[in-house]
Amino acid sequence: MTSRPRRYFVETWGCQMNELDSQRLGGQLMRQGLLPTQRPEEADVILLNSCSVREKAEQKVFSRIGEYRLLKGGKPDLLIGLCGCVAQQEGERALERMAGLDFVLGPARVGELVEVVERRRRGERVVAIGFPEERHYEIDLLARESEFKGMVTVIEGCDKRCTFCIVPSTRGPEICRPLADIVAEVRHLVDHGFAEIELLGQTVNHWRDPRDSTLDFADLLDRIAALPGVRRLRFVTSYPRDFTPRMIEQLRRHGNICDYLHLPVQSGSDSVLRRMGRGYGAGDYERLAADLRAARSTVALSTDLIVGFPGETDADFQATLELVERVRFAAIFAFCYSERPGTAAIRLGGAIPSEVAKERLQVLLRLQNRIQAEINAGFVGRELEVLVTGWGRDRTTLAGRTSCHRIVHFPAGDRPAPLGSFQRCRILRALPHSLLGESAGEPEIPAGPRFEAGEGVGGSREPSRSSPLRVLASAR
Ligand code: SF4
């Protein structure tokens, strides 16, 4: 009799750091012989990799635990683990609150999953949170979700104290990885055919080499962009105040640094920015945006914005609208302010009624939709290079990403371009959130290794679920 393969299911909320952590969690379980599944009812281990940046996401994860624990009725050995920022924030309380929860694993303890699972199998309900000084990055122990984009942690945690933000307490103080380790991981990814590298950190451009403090993020960009096989290089999330002229210079030097930067501004009002503790004014931000565009005229900027921050007046909100109008972001991620436990903003007073905040959000989104439509319309008639990442819904079209992070759909034709290849696309039509085009052949620079299978264009901010993955083979 053949036994059923054991399976794991991961649901991920939040930022790219969480996405990568989910890949690290999955990789450890695959090494133990478990296979991924997209169906929680098939799983022997369910992991919820949570986000606590907004209250809504936090509530969602607890309601999801409530749903999944019902599965234990037919499968008493099923393990359910809470991971990510809510795990760090709630710790022991999460176990008290949720009877069906087996363990709690904070973001800095991701590498301890196997040990925690074993302890649970022996009967202990484990809480593994906190911030060990040593972190281990097993570069060959990741279940990479994309076959084309390889994410690489360069800095973890955050030492800033933006008054609205819970991240410093859930992800801990900054820890930078040594340059040599990052280079080794990028080489490993390139050797395995990853054409696009994304460097990750909560404040990625605050990176410094812990072994040589003269080396900063400009040096890191310079080194990684120059590595053979790095066809595209992205990095996220940049902190405006930490950008230096030397970093901007790298955009001029290296054409493979993508035409896209996520640069959270949070507000267009100086007084709100001051109360947020951001350390820059709206004018500083606009000068930085202008410097970036002077270095690379085609660079697309996206941003995060909070509306309804305590004390935000109509005039403050108007300043945000005006900044958005002037900077012309390619995309914004805008949210109503959400009070987070332990943050300084709670003590500020001047709470904005939720209906006012919601109305402001709608006004802001309408403005951005108009700007985005205008920017997208400007692509019609141009040729853009696209990394082919998946099939369209009906399997007659392919989808890919431009260097500026736009999604392009184009007919697959009789001889579909291989997934993972680069194609030139002539843009025929602009939609609000994507572009429609036609193939204009292969670009001049030969693409890296290609793949026969794989799907999805990624980049969604919705919770993502574990999918059939491949684990990288051992490094060397
Ligand atoms: S820089 Fe500010 S917003 Fe970003 S993670 Fe750190 S504290 Fe949070």
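Criteria and thresholds
Residues numbered from 1 in each chain as written. Predicted model: local features only at pLDDT ≥ 70, side-chain atom pairs only at ≥ 80, totals over all residues. Helix = DSSP H or I, 4+ residues; strand = E, 2+ residues; numbered from the N terminus. Rg over C-alpha atoms; globule rule 2.2 N^0.38 Å. Buried ≥ 20, exposed ≤ 12 C-beta atoms within 10 Å, placed from the backbone. Contact = placed C-beta atoms within 7 Å. Domains from an automatic or database assignment. Near = placed C-beta within 6 Å. Nonpolar A, V, L, I, M, F, W, Y, C, P; charged D, E, K, R; others polar. Pairing = 2+ DSSP bridges. pLDDT = per-residue confidence, 0-100. Axes fitted to C-alpha atoms, helices over the stretch in contact; angles between N-to-C directions. Parallel < 35°, antiparallel > 145°, perpendicular 65-115°, else oblique. Left-handed = near helix turned anticlockwise from the far one by under 90°. Expected span 1.5 Å × (residues − 1). Arc of directions from axis to C-beta.

Draft legend 1. Expanded view of the overall build of the protein chain. Looking only at helices and strands, the protein chain has 13 helices and 24 strands in total. Its C-alpha atoms give the protein chain a radius of gyration of 22 Å, near enough to 23 Å, the size a compact globule of 476 residues would have. Taken along its principal axes, the extent of the C-alpha atoms in the protein chain is 60 × 60 × 50 Å. Scored against the burial criterion, the 476 residues of the protein chain give a buried share of 44%. In the protein chain, the share of contacts with a sequence separation of at least 24, taken over all contacts with a separation of at least 6, comes to 73%.

Draft legend 2. Local environment of the domain arrangement of the protein chain. Taken domain by domain, the protein chain consists of domain 1 (7–134 + 462–471), domain 2 (147–258), domain 3 (269–291 + 299–377) and domain 4 (383–439). For domain 1 versus domain 4, the separation of C-alpha centres amounts to 34 Å.

Draft legend 3. Representation of the site of the ligand. Near the ligand, the surroundings consist of Cys 158, Lys 160, Cys 162, Cys 165, Val 167, Pro 168, Gln 202, Thr 203 and Tyr 239. Residues belonging to the shell around the ligand are distributed by class as follows: 6 nonpolar, 2 polar and 1 charged.

Draft legend 4. Structural view of the pairing of strand β18 (residues 383–391). Sheet analysis places β18 next to strand β21 (residues 422–430), joined by 5 bridges and oriented antiparallel. For Val 386, the partnering residue across the bridge sits in β21 and is Gln 423. Two elements, β18 and strand β19 (residues 397–402), share 5 bridges in a ladder whose sense is antiparallel. When the bridges of β19 are listed, Gly 390 appears paired with Ala 399. Linking β18 back to β19 in an antiparallel pair, the connection comprises 5 residues, with Arg 395 at a positive phi of about 65°.

Draft legend 5. How the structure looks around the confidence of the model for the protein chain. Averaged over the protein chain, the pLDDT score is 90; the fraction of residues at 70 or greater is 92%. Note that pLDDT drops below 50 for residues 446–476; the model gives that stretch 70 contacts with residues more than four away or on any other chain.

Draft legend 6. Structural view of the packing of helix α12 (residues 314–327) against helix α13 (residues 354–377). Closest axis-to-axis distance for the α12/α13 pair is 10 Å, and the angle between their directions is 15°. By the criterion of interaxial angle, the relationship of α12 to α13 is roughly parallel. For the element pair α12 and α13, the recorded crossing hand is right-handed. Judged by residue contacts, Phe 317, Thr 320, Leu 321, Val 324 and Glu 325 of α12 engage Arg 360, Leu 364, Leu 367 and Gln 368 from α13. By residue class, the composition of the contact of α12 with α13 is 5 nonpolar, 2 polar and 2 charged.

Draft legend 7. The arrangement of the environment of Pro 107 in detail. Relative to the elements of secondary structure, Pro 107 occurs in the loop between β5 (103–105) and α5 (113–121). Put simply, Pro 107 and Asp 314 are 207 residues apart on the chain and 38 Å apart in space, counted from C-alpha to C-alpha. Residues in contact with Pro 107, not counting those within four places in the same chain, are Asp 21, Gly 84, Cys 85, Gln 88, Thr 170 and Arg 171.

Draft legend 8. Structural view of the sheet that holds strand β8 (residues 149–153). Spatial ordering of the open sheet is given by β8-β11-β14, a layout of 3 strands whose pairing is parallel. In the strand order of this sheet, the two ends are held by β8 and β14 (232–236), each with one partner. Taken over all neighbouring pairs, the strand axes of this sheet differ in orientation by 20° on average, direction set aside. In the sheet, strand β11 (residues 196–200) pairs with β14 via 5 bridges, with the strands oriented parallel.

Draft legend 9. A look at helix α11 (residues 282–295). For α11, built from 14 residues, the straight-helix expectation of 20 Å at 1.5 Å per residue is met to within 8% by its first-to-last C-alpha distance of 20 Å. All of the buried residues in α11 are Ala 282, Tyr 285, Leu 288 and Ala 289. For α11, the angular spread of buried residues about the axis comes to 120°, placing them on one side. Pointing more than 90 degrees away from the buried face of α11 are the exposed residues Gly 283, Ala 290 and Ala 294.

Draft legend 10. Representation of the sheet that holds β19 within the structure. Spatially, β18-β19-β20-β22-β21 is the arrangement adopted by the 5 strands of the closed barrel, whose pairing is mixed. Neighbour-to-neighbour, the strand axes of the sheet open up by a mean angle of 50°, direction not taken into account.

Draft legend 11. Broad picture of the environment of Pro 40. Relative to the assigned elements, Pro 40 resides in the loop between β2 (35–36) and β3 (45–50). For Pro 40, a count of 20 C-beta atoms within 10 Å gives the class buried. Counting along the chain gives 348 residues from Pro 40 to Val 388, while the straight-line C-alpha distance between them is 29 Å. Each residue touching Pro 40, except ones within four places of it in the same chain, is listed here: Phe 9, Ile 46, Tyr 68 and Leu 71.

Draft legend 12. View of unusual backbone geometry. The omega torsion across Val 236 and Thr 237 is 5°, close enough to zero to call that bond cis. Even without glycine at this site, His 405 takes up a positive phi of about 75°. On the secondary structure map, His 405 appears in the loop between β19 and β20 (407–411).

Draft legend 13. Summary view of helix α7 (residues 179–191). For α7, built from 13 residues, the straight-helix expectation of 18 Å at 1.5 Å per residue is met to within 8% by its first-to-last C-alpha distance of 18 Å. For α7, every residue scored as buried is listed here: Leu 179, Ile 182, Glu 185, Val 186, His 188 and Leu 189. Looking at the buried positions of α7, the neighbouring elements they touch are β8, β11, β12 (208–209), β13 (212–216) and α8 (217–225). Downstream of α7 by a residue or two, Gly 193 has a phi angle that is positive, lying close to 90°.

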